Amino acid sequence: MAEVTVKQLAESVGAPAERLLKQMEEAGLPQRGLDDAVTEEQKQTLLTFLKSAHGQADEGPKKITLKRKTVSTLRTDRGRGKAVAVEVRKKRTYVKRDPAAAAPESAESELARLKVEEAEREAERQAAEVERRAEEERRKAEAQARAEAEAAARAEAEAQAQAEAQAAPGAATGKKAQPAVPVSEEEARAAAAAAIVDAEAATVKSEKRGGKVGKRRDDEERPKKGRRLDADDQRVEGGRKRAGTLSRDRLAERKRRAAPKGSMPKTQGFERPTEMVVRDIEVPEAISLGELAQRMSVKAGDAIKKLMGMGVMATINQVLDQDTASLLVEEFGHRPKAVASDAIEQEYFESLKIEGDGKPRAPVVTVMGHVDHGKTSLLDYIRKTRVASGEAGGITQHIGAYYVDTGHGAVSFLDTPGHAAFTAMRARGAKLTDIVILVVAADDGVMPQTEEAVAHARAADVPIVVAVNKIDKEGADPQRVKTELAGRDVVPDDWGGDTQFVHVSAMTGEGIDALLEALLLQAELLELTAVDDAPGQGSVVESRLDRGRGPVATVLVRNGTLRKGDFIVAGEHFGRVRAMVNDAGENVDSALPSYPVEILGLSGTPDAGDEFSVVENERGAKELVEFRRSRSQEARIKQQQAARLDSLFDNMGEGEKPTINLVLKTDVRGSLEALIAAVGDLSNDEVKVKVVSSGVGGINESDANLAVASSAVVLGFNVRADASAKKIIEREGLDLRYYSVIYELLDDLKDALSGMLAPELREEIVGIAEVRDVFRSPKFGAVAGCMVVEGTIYRNKKIRVLRQNVVIYEGELESLRRFKDDVQEVRNGFECGIGVRNYNDVREGDKIEVFDVKEIARSL
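Residues numbered from 1 in each chain as written. Predicted model: local features only at pLDDT ≥ 70, side-chain atom pairs only at ≥ 80, totals over all residues. Heavy atoms only, no water.

> How would you explain the overall build of the chain if you had to name every residue and give the values?
Along the chain, the regular secondary structure elements total 21 helices and 40 strands. Per-residue burial for the chain yields a buried fraction of 37% across its 860 residues. In the chain, the proportion of contacts linking residues at least 24 apart, taken out of those at least 6 apart, comes to 68%. Entry remark: accessible area of the chain is about 50600 Å², with carbon and sulfur atoms responsible for 49%. (Helix = DSSP H or I, 4+ residues; strand = E, 2+ residues; numbered from the N terminus. Buried < 20%, exposed > 50% of the residue type's maximum accessible area, 1.4 Å probe, protein only. Contact = heavy atoms within 4.5 Å. Areas by Shrake-Rupley, 256 points an atom, 1.4 Å probe, with all protein chains shown as cover.)

Spelled out as structure tokens, the structure:
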């Protein structure tokens, strides 16, 4: 311990500092000031001096006794019963001897120590006797309380039984009263148990107040871990019983024994059901064994054993068909319920049913016809815009949707492309529409895409209104158009048919009002209606990936109302509608039926023609989209595997076809579909075009890396490459081409494929010589003396030997001589000697035909 000053020592012992200095001076210590240091030895010297001054001997043992008391509370019945206070007192004695008195003690001091120990033992015996008597009194109190409680319970039960017997109907008729039910005895036991617990708690509290809790001597007298408890919860230590309080387990056990047998336990525990629970198990068309076992609430091992008993060997990850799974469910005693694989899709379609009174809606009109017949120009005049002048090449290459208030009524127009590559777009336009305007140029008549548009309209069962355009041009012949269309079952109404023909001019506006009146008349006949107060439903007209706004989809609402903030599902994509823009570029908050809008917020670009609808929450939308994606992926994998199997034997033994790999990016989804279909049609048995990657949006770094890996040509249709993609393309030397007109792209591909075609080999006869005589030469064998009767005979070209105009040999010339000189060619009308290599059966009258093989380039 560190040294302290006189002042600090005085504060610690609670004595005045001046008095302490005086005592230290009397003890012979050198300290004279309050700040002087005091060592441990000096403290002991001072203590010895003070003891001797007060008449206390320094010899003998020095003993310190410590006492400790702790109070705790026990609650019965798992902490919900009555509280029992428990007080524990501990006592320890420490003996310290002075090292200076370590010499052998005298007989007197030893006798004095023995007397002290005997006195301590006697005190402990007296304390144990007091504890024993207290325990006996406690037991007597408990027994008396128990007897009183049982007597009170019995008396209460007898009184209750007598009251019930008097109140029973049998008492009035003189019947004998029934004895008391056994429930009263159980209640008596419960009341007795409660009284015992109350008595025990009261005893403990009284012992606490009286200070009769047992004491311990020190650590040497503590019981070991293996102590035992007698039936009355007393600790047996060294032959003495020590009274203690009831433990928590003992209290709970006594209360459980005293509880009525028919009463419900206050604590709950799991018990295995004695009877089997039969469930309805949904069984899809394919399900793994582990998942089926989980639905039946059985172990997978039990399910495997049951299948083995049925003769089926399976693992936990084995996929079972619906029949096998149903049999397994029945084996376990449950009821199988077959569920279709597209149950989520069926549930989705059922939720789309809209009930309510329909209101009239605007007609949806699709403008169709051959390319360059004036479809977009006709719409421009109606909308008072100039869309056609801004289109690349002057042709429409994707569907445009417009909402026009014509003054005669509102009409939604869909403008479709007329090029042959956009067949799928025209088919979609016919399905989305209520009425089709078939535009036919009066100076051009019916063309291939005109016939195709008629077929699409007939397939969709949509009425047709024919607009005979360009009647202001010289050479226009509207009657010719009527005649050609009538031959294709499109009969004018003035000829007895059901199709309205209107003569119009998109340049002068002639006949436009009559065309609109014809459309609205047809719409009135159709009685078009829709429910406004319902979740929005409709179709995707077009979609694209905008650099600044993300996926953008043009949709046409067919029923209900589409609002900003709605969750929608469109094909394999979903999202919340963040913004809606109409065809005039204005932001709107809602779209009614027959109203086309652009929406932002989808997770991707849906395919044109996909149906969309509003769903209640995002979770349902995600589940439906994940199901659709997995189904389409499985379909693609099956299709690829079937294609590999079909072409396995076809390609066996053949050389690999020359192939052009393409990475194709377009601005809108519809143009992408049209280009993929048109490019696929360019392939034939000799060359092949393969689109390794396609998508909507600009050309990025990923597209460039894929093109490097597959040695592909990068094509951008109305899109451009970003800086990172350009850097990769320039470094790797890839071919990057931009297009805005579909004609140019297809023509360049045709030229490239034509260059990859094997050239056509064409034979050309350059000369014929007639054999007049045959000579034998020891060097050349048979030498034919010939007269050139046609063309020129060349030495280094191939020949054929004809006998009676039948080819009998094909080979090469060995020698060509005129007289004795070797020559390279002999012209018509001259004689020559011809030696045929490796052929000596030349006869008089044979003809030798000289021909040349030329390679001619082919084209698709």
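> Describe the packing of aromatic side chains, with residues and values.
Across all of its chains, the model carries 2 aromatic pairs by this definition. Arranged with centres 4.7 Å apart and planes meeting at 45 degrees, the rings of Tyr403 and Tyr595 form a pair that is tilted. Here Tyr595 lies in the loop between strand S25 (590-591) and strand S26 (596-602) and Tyr403 lies in strand S13 (residues 400-405), a separation of 192 residues in the sequence. Owing to a relative accessible area of 30%, Tyr403 belongs among the partly exposed residues under this scheme. Geometry around Tyr738 places Arg720 over its ring, the cationic atom sitting 4.4 Å from the centre. A cation over an aromatic ring shows up here: Arg800 above the ring of Phe851, its NZ or CZ 3.9 Å from the ring centre. (Phe/Tyr/Trp six-rings, centres within 6.5 Å; stacked < 30°, edge-to-face > 60°. Lys NZ or Arg CZ within 6 Å of the ring centre and 35° of its normal.)

> Describe the pattern of salt bridges, naming the residues involved and giving the relevant values.
Here the structure, examined in full by the defined rule, presents 37 salt bridges. Notably, a salt bridge pairs Glu136 with Arg132, separated by 2.6 Å at the nearest N-O pair. With Glu136 and Arg132 both in helix H4 (residues 107-167) and 4 residues apart, the pair spans about one turn of that helix. Arg138 is the salt-bridge partner of Glu142, the closest N and O atoms lying 2.3 Å from each other. Pair noted here: Glu142 and Arg138 are both in helix H4, with a separation of 4 residues, about one helical turn. Of the two residues, Glu142 and Arg138, neither departs from the other in class, the shared state being buried. (Salt bridge = Lys/Arg side-chain N within 4 Å of Asp/Glu carboxyl O.)

> Let's hear about unusual backbone geometry: which residues, and what values?
A positive phi angle, close to 60 degrees, is found at Asn718, a residue other than glycine. What makes Asn718 partly exposed here is its relative accessible area of 33%.

> Outline the sheet that holds strand S31 (residues 736-739), supporting the account with residue identities and numerical values.
As summarised here, the arrangement of the 4 strands in space is S29-S28-S30-S31, forming an open sheet in which the pairing is parallel. Sheet topology places strand S29 (688-696) and S31 at the edges, where each strand pairs with a single neighbour. Across the sheet, the mean angle separating the axes of adjacent strands is 25 degrees when strand polarity is ignored. Pairing of strand S30 (residues 713-717) with S31, which is carried by 4 bridges, proceeds in the parallel orientation. If you follow Leu715 over to S31, its bridge partner there is Arg737. (Pairing = 2+ DSSP bridges. Axes fitted to C-alpha atoms, helices over the stretch in contact; angles between N-to-C directions.)

> Before we move on, can you summarise the side chain of Lys665 with the specific residues and values?
Looking at where Lys665 falls in the secondary structure, it is placed in strand S28 (residues 659-666). A polar atom in the side chain of Lys665 sits 2.8 Å from the backbone oxygen of Gly698. Ignoring anything within four residues of it in the chain, the contact list for Lys665 reads Ser694, Gly695, Val696, Gly697, Gly698, Ile699, Asn700, Asp703, Leu715, Gly716, Phe717 and Val719. (Polar contact = N/O pair within 3.5 Å; in protein donor to acceptor, adjacent residues only side chain to side chain.)

> Can you explain the confidence of the model for the chain? Please cite residues and give values.
Within the chain, residue pLDDT values average 76, and 74% of them lie at 70 or more. Note on residues 100-108: pLDDT is under 50 here. Beyond four places in sequence and across chains, it has 3 contacts. The low-confidence segment residues 386-398, where pLDDT is below 50, has 39 contacts with residues more than four positions distant or belonging to other chains. (pLDDT = per-residue confidence, 0-100.)

> Could you give an account of the environment of Arg576, naming the residues involved and the relevant values?
Take Arg576: it is sitting in strand S23 (residues 573-581). Classification of Arg576 by relative accessible area gives partly exposed; the value is 42%. Sequence separation between Arg576 and Ile599 is 23 residues, and the spatial gap between their C-alpha atoms is 9.4 Å. Once residues within four sequence positions are removed from consideration, Arg576 is found in contact with Gly565, Asp566, Phe567, Leu600 and Gly601.

> Can you explain helix H14 (residues 448-460)? Please cite residues and give values.
For an α-helix, the turn length of 3.6 residues means that residues three or four places apart are oriented alike. With 13 residues, H14 extends 19 Å between its outermost C-alpha atoms, agreeing within 8% with the 18 Å of an ideal straight helix rising 1.5 Å per residue. Among all positions of H14, only Gln449, Thr450, Glu452, Ala453, Val454, His456 and Ala457 are buried. One or two residues past the end of H14 sits Asp461, with phi positive at roughly 55 degrees. (Expected span 1.5 Å × (residues − 1).)

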